[in-house]
Amino acid sequence: QVQLVESGGGLVQAGGSLRLSCAASGCTFSSYAMGWFRQAPGKERDIVAAINWSGGYTYYADSVKGRFTISRDNAKNTVYLQMNSLKPEDTAVYYCAADITRSYTDYVVLGERGYDYWGQGTQVTVSS
């Protein structure tokens, strides 16, 4: 049974930073791409960033480019999202997701339907 557990969310002032972590278990973590998504109230869940199995390929939504960094530590079965220069519009529930259908790819899937397992989500609130 694949389990993803996010941590690191919270309340921060605009301009501040947070680091989200997602610990995976029950899968061969090092083989799969991982993604971070977010969902604000009344909005659809959108991709924020994704990283392939090795970390050699990453994707960022335009809204977070230059501010967020996705990384992974395969030895720790953990993927991270470093969020800097946070803005009130970054307020959302953040979810990590695992794409275990494809392994050892040099690309990432951008749609949420391409991800098979999801964490429970962690709230990020940025005050102005």
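In case you missed it, the structure is sitting above this.
Rules and cut-offs
Residues numbered from 1 in each chain as written. Predicted model: local features only at pLDDT ≥ 70, side-chain atom pairs only at ≥ 80, totals over all residues. Heavy atoms only, no water. Disulfide = S-S within 2.5 Å. Helix = DSSP H or I, 4+ residues; strand = E, 2+ residues; numbered from the N terminus. Buried < 20%, exposed > 50% of the residue type's maximum accessible area, 1.4 Å probe, protein only. Core = buried A, V, L, I, M, F, W, Y, C linked by side-chain atoms within 4.5 Å. Contact = heavy atoms within 4.5 Å. Phe/Tyr/Trp six-rings, centres within 6.5 Å; stacked < 30°, edge-to-face > 60°. Lys NZ or Arg CZ within 6 Å of the ring centre and 35° of its normal. Pairing = 2+ DSSP bridges.

## Things to note about the state of the cysteines
Next up, step 1: Summed over the entire model, instances satisfying the criterion amount to one disulfide.
Next up, step 2: Sulfur-sulfur distance for the disulfide between C22 and C96 comes to 2.0 Å. For the disulfide bridge between C22 and C96, the dihedral angle about the S-S bond is near 45°, and by the sign convention the bridge is right-handed. Of this pair, C22 sits in strand β3 (residues 18–25) while C96 sits in strand β9 (residues 92–103), placing them 74 residues apart in sequence.
Next up, step 3: You can call C22 buried: its relative accessible area is 0%.
Next up, step 4: Lacking any disulfide linkage, C27 is separated from the closest cysteine sulfur, that of C22, by 9.2 Å.

## A short note on the nonpolar core
Next up, step 1: Residues W36, L81, M83 and Y94 are the most contacted members of the largest nonpolar core, which totals 30 residues.
Next up, step 2: Listing elements by their share of this core, those giving two or more residues are β3, β4 (32–39), β5 (45–51), β7 (68–73), β8 (78–83), β9 and β11 (122–127).
Next up, step 3: Apart from residues lying up to four places away in sequence, L81 is in contact with L18, R19, L20, W36, V48, A49, F68, T69, I70 and Y94.
Next up, step 4: Within the second largest apolar cluster, eight residues are counted, among which are A33, I47, V108 and V109.

## Regarding the packing of aromatic side chains
Note on aromatic pairs: each is described by the distance of the centres and the angle between the planes.
Next up, step 1: Scanning all chains against the criterion turns up four aromatic pairs.
Next up, step 2: Plain terms: the ring middles of F37 and Y115 are 5.2 Å apart, the flat faces sit at 80° to each other, and that makes the pair edge-to-face. Separated by 78 residues along the polypeptide, F37 in strand β4 and Y115 in the loop between β9 and β10 (117–118) bring together distant segments of the chain. For the pair formed by F37 and Y115, the shared burial category is buried.
Next up, step 3: When the ring centre of Y80 is taken as origin, the NZ or CZ atom of R19, which lies over that ring, is 4.0 Å away.
Next up, step 4: Between the NZ or CZ atom of R45 and the centre of the ring of Y95, over which it lies, the distance is 4.8 Å.

## Digging into the pairing of β7
Next up, step 1: Side chains of β7 alternate between two faces, with F68, I70 and R72 buried and T69, S71 and D73 left unburied.
Next up, step 2: Direction of pairing for β7 relative to β8: antiparallel, over a ladder of six bridges. Across the sheet, F68 pairs through a bridge with M83, a residue of β8.
Next up, step 3: Where β7 folds back on β8, the antiparallel hairpin that results is connected by four residues, among which N77 adopts a positive phi of roughly 55°.

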